[in-house]
Amino acid sequence: MRCYGLAFAWLLACVATLGSLYFSLGLGLTPCTLCWYQRICLYPLVITLGFAAWRADRTAALYLLPQIFFGFFISLYQVIIQQVPKWDPIGFCGSGPSCSDKHEIGLGFVTIPMLSAIGFLAIAWMIIRAYRKNRV
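My aim in this report is to walk through the structure given alongside it, one point at a time. All residue numbers here refer to positions counted from 1 along the written sequence of the relevant chain. Totals for whole chains, interfaces and linings use every residue, but because this is a predicted model, local features are given only for residues with pLDDT of at least 70 and side-chain atom pairs only at 80 or more, for both listing and counting. Note that water and hydrogens are dropped before the side-chain values are worked out from all heavy atoms of the structure.

### Some words on the packing of aromatic side chains
Note the threshold: Here is the rule: rings of Phe, Tyr and Trp (six-membered ring for Trp) pair when centre to centre is within 6.5 Å. Planes less than 30 degrees apart are stacked, more than 60 are edge-to-face, and the remainder are tilted. Placement of a positive charge over a ring is assigned whenever Lys NZ or Arg CZ falls within 6 Å of the ring centre and within 35 degrees of the normal to the ring plane.
Using the criterion set out here, one finds three aromatic pairs in the structure. A cation over an aromatic ring shows up here: arginine 39 above the ring of tryptophan 36, its NZ or CZ 5.1 Å from the ring centre.

Written as structure tokens, this is what we have:
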């Protein structure tokens, strides 16, 4: 039986990448510093997950999960600084747009970093499932 977890993870990475490009190019939202770091973690996943899905490399979790979790923690940090006003102990938000600004995207209380965190978690879940299926 073939595992499609990697293919779905790749598809989700493609959708997330296109979504982030739509927010910046289509809607004209300038990405903040933390958004750029999340993009640095997300964009290469389209290529690496594509190759992993094509080759059915279920051990991709070993080399992709650190990058995914790094992107997740960056997005989680941004969600926290958006929810707690004037709180940025690390000081990532320098020049450019503020990382604590919330943009309405039409989903109620959901912000762009929340979408990013959910996307990274979903990709991680699919990759872990594919890896576990390989070990059983």
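So much for the structure itself; the text now carries on.
### With respect to the packing of helix α2 (residues 33-55) against helix α3 (residues 61-83)
To keep it simple, the criterion reads: Every axis in this analysis is a line fitted to C-alpha atoms, fitted for helices over the stretch in contact. Angles between the N-to-C directions lie between 0 and 180 degrees. Starting at the N terminus, helices and strands are each numbered in turn, a helix being any DSSP run of H or I of at least four residues and a strand any DSSP run of E of at least two. Roughly parallel here means an angle under 35 degrees, roughly antiparallel means over 145, roughly perpendicular means 65 to 115, and every remaining angle is called oblique. Helix crossings get a hand from a simple test, with the near helix turned counterclockwise from the far one by less than a right angle marking a left-handed crossing and a clockwise turn marking a right-handed one. Between two residues, a contact is recorded if the distance between any of their heavy atoms is within 4.5 Å. Under the convention adopted here, Pro, Cys and the residues Ala, Val, Leu, Ile, Met, Phe, Trp and Tyr are nonpolar, Asp, Glu, Lys and Arg are charged, and Gly plus all remaining residues are polar.
Running from N to C, α2 and α3 point in directions that differ by 150°, and their axes come no closer than 9 Å. The orientation of α2 relative to α3 falls into the category roughly antiparallel. When you trace α2 past α3, the crossing you get is left-handed. On the side of α2, the interface is formed by Leu34, Cys35, Tyr37, Gln38, Ile40, Cys41, Pro44, Leu45, Thr48, Leu49 and Ala52, while α3 contributes Tyr63, Leu64, Gln67, Ile68, Phe70, Gly71, Ile74, Ser75, Tyr77, Gln78 and Ile81. For the contact of α2 with α3, the class distribution of residues is 16 nonpolar, six polar and no charged.

### Things to note about the nonpolar core
Our working definition: Residues enter a nonpolar core if they are buried and are Ala, Val, Leu, Ile, Met, Phe, Trp, Tyr or Cys, with the set joined through side-chain atoms within 4.5 Å. Residue exposure (1.4 Å probe, protein chains only): buried if accessible area is under 20% of the type maximum, exposed if over 50%, otherwise partly exposed.
One finds Leu6, Leu45, Leu49, Ile68, Ile123 and Ile127 to be the most contacted residues of the largest nonpolar core, which totals 28 residues. Going through the elements one at a time, α1 (5-26), α2, α3 and α4 (112-135) are the ones with two or more residues in this core. Those residues in contact with leucine 45 that lie beyond four places of it in its chain are Trp10, Ala13, Gly50, Leu64, Gln67, Ile68, Phe120 and Ile123. Counting residues in hydrophobic clusters, the runner-up holds five residues, among them Phe23, Ile105, Val110 and Met114.

Nothing here speaks to function; it is geometry throughout.
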